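# Observations on the model geometry
One letter stands for each residue in the lines below.
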Amino acid sequence: MSGAPDPVVLLVEDNELNLELAEYLLADGGFRVILARDGPQARAAAGRERPDIVLMDVNLPGVDGLELARELRSRPGWESVPVVAVTALAMRGDRERILEAGLSGYISKPLDVSTFADSVWAFLDRQRGNR
Ligand code: MN
């Protein structure tokens, strides 16, 4: 162990089952997890602490997850925080839309329990390598 603190994930997800599964996998994978179920909760959490990475459900109540992601990344000091869409979207053009929104990429739903946490680590490592 390096003694470094566990990286912090802000997990934005309105579906309780998806939320609980992702939280479990992330905690098991070595992350500290902050939960938000909608836009207001995500904004409040973001105001308290800047996470190391954000996982953003695209379909949220009352707000487009991509718009919310764009908003979070516009906060001062957040330029380098990777934001990853977690989405079942698989239509042509969705990947472009996600990247155009300034996101780092996406992870597909349903979550693959054997690779999910590693995928998040990979996004974080890529970001750290770019610094
Ligand atoms: Mn959703």
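Details of the structure are given in the entry above.
Residues numbered from 1 in each chain as written. Predicted model: local features only at pLDDT ≥ 70, side-chain atom pairs only at ≥ 80, totals over all residues. Heavy atoms only, no water.

### Focus on the pattern of salt bridges
Stated formally: Between Lys or Arg on one side and Asp or Glu on the other, a salt bridge is scored when a side-chain nitrogen of the former is within 4 Å of a carboxyl oxygen of the latter. Helix and strand labels come from DSSP, where a helix needs a run of H or I of at least four residues and a strand needs a run of E of at least two; each type is numbered from the N terminus. Burial classification: accessible surface area is computed with a 1.4 Å probe over protein chains only, and a residue below 20% of its type maximum counts as buried, one above 50% as exposed, and the rest as partly exposed.
This model, assessed by the stated rule, comprises seven salt bridges. Between R43 and E71 there is a salt bridge; the shortest N-O distance is 2.6 Å. You can see R43 sitting in helix α2 (residues 39-48) and its partner E71 sitting in helix α3 (residues 65-73), a full 28 residues away along the chain. Notably, a salt bridge pairs D64 with R97, separated by 2.6 Å at the nearest N-O pair. Pair noted here: D64 is in strand β5 (residues 63-64) and R97 is in helix α4 (residues 94-100), with a separation of 33 residues, a long-range link. Judged by relative accessible area, D64 falls into the partly exposed class, the value being 26%. Because the salt bridges share partners, they merge into one network encompassing E13, D57 and K109.

### Quick word on α3
This is how it is decided: Directions are taken from the helix axis to each C-beta atom, and the arc is the one they span.
Within the sequence span of α3, burial applies to G65, L66, L68, A69 and L72. Axial view of α3: buried residues confined to an arc of 160°, hence all on one face.

### A few points about the nonpolar core
Short version of the rule: Residue types Ala, Val, Leu, Ile, Met, Phe, Trp, Tyr and Cys, when buried and joined through side-chain atoms within 4.5 Å, form a set referred to as a nonpolar core.
Judged by nonpolar contacts, the single largest core of 24 residues is most densely connected at L10, V12, V54, M56, L68, L72 and L103. Elements represented by at least two residues in this core include exactly β1 (8-12), β2 (32-36), α2, β3 (53-57), α3 and β6 (83-87). Core analysis: the second largest hydrophobic core is formed by 17 residues, L11, L19, L25 and L124 among them.

### Digging into the sheet that holds β3
Heads up, the condition is: A strand pair is defined by DSSP finding two or more bridges across the two strands. For helices, the fitted line uses only the C-alpha atoms of the stretch in contact; every axis is such a line through C-alpha atoms, and the angle between N-to-C directions lies from 0 to 180 degrees. By definition, residues are in contact when any of their heavy atoms lie within 4.5 Å.
Read across the open sheet, the five strands follow the order β2-β1-β3-β6-β7; overall the sheet is parallel. Looking at the sheet topology across the chains shown, the edges are occupied by β2 and β7 (105-108). Averaged over all adjacent pairs, the angle separating strand axes in this sheet is 25°, with direction ignored. As defined by bridge partners, β3 adjoins β6 across four bridges and the pair is classed as parallel. Residue V54 lies in a different strand from β6, and its bridge partner there is V83. Sheet strands in contact with α3 are β1, β3 and β6, and its direction is about 160° off that of β3.

### Section: the coordination of the manganese ion
The reference angle at a metal is 109.5 degrees if four donors form a tetrahedron and 90 or 180 degrees if six donors form an octahedron. Our working rule: We call an atom a donor if it is N, O or S and sits within 2.8 Å of the metal, or 3.2 Å for Na, K and Ca. Water is not counted, so some sites may look partial.
Bound to the manganese ion are the protein donor atoms D14 (OD), D57 (OD) and N59 (O), situated 2.0 to 2.1 Å from the metal. Ordering the donors of the manganese ion by residue number gives the pattern D-x42-D-x1-N. Separated by 43 residues along the polypeptide, D14 in the loop between β1 and α1 (16-28) and D57 in strand β3 bring together distant segments of the chain.

Worth remembering: the numbers are spatial, not functional.
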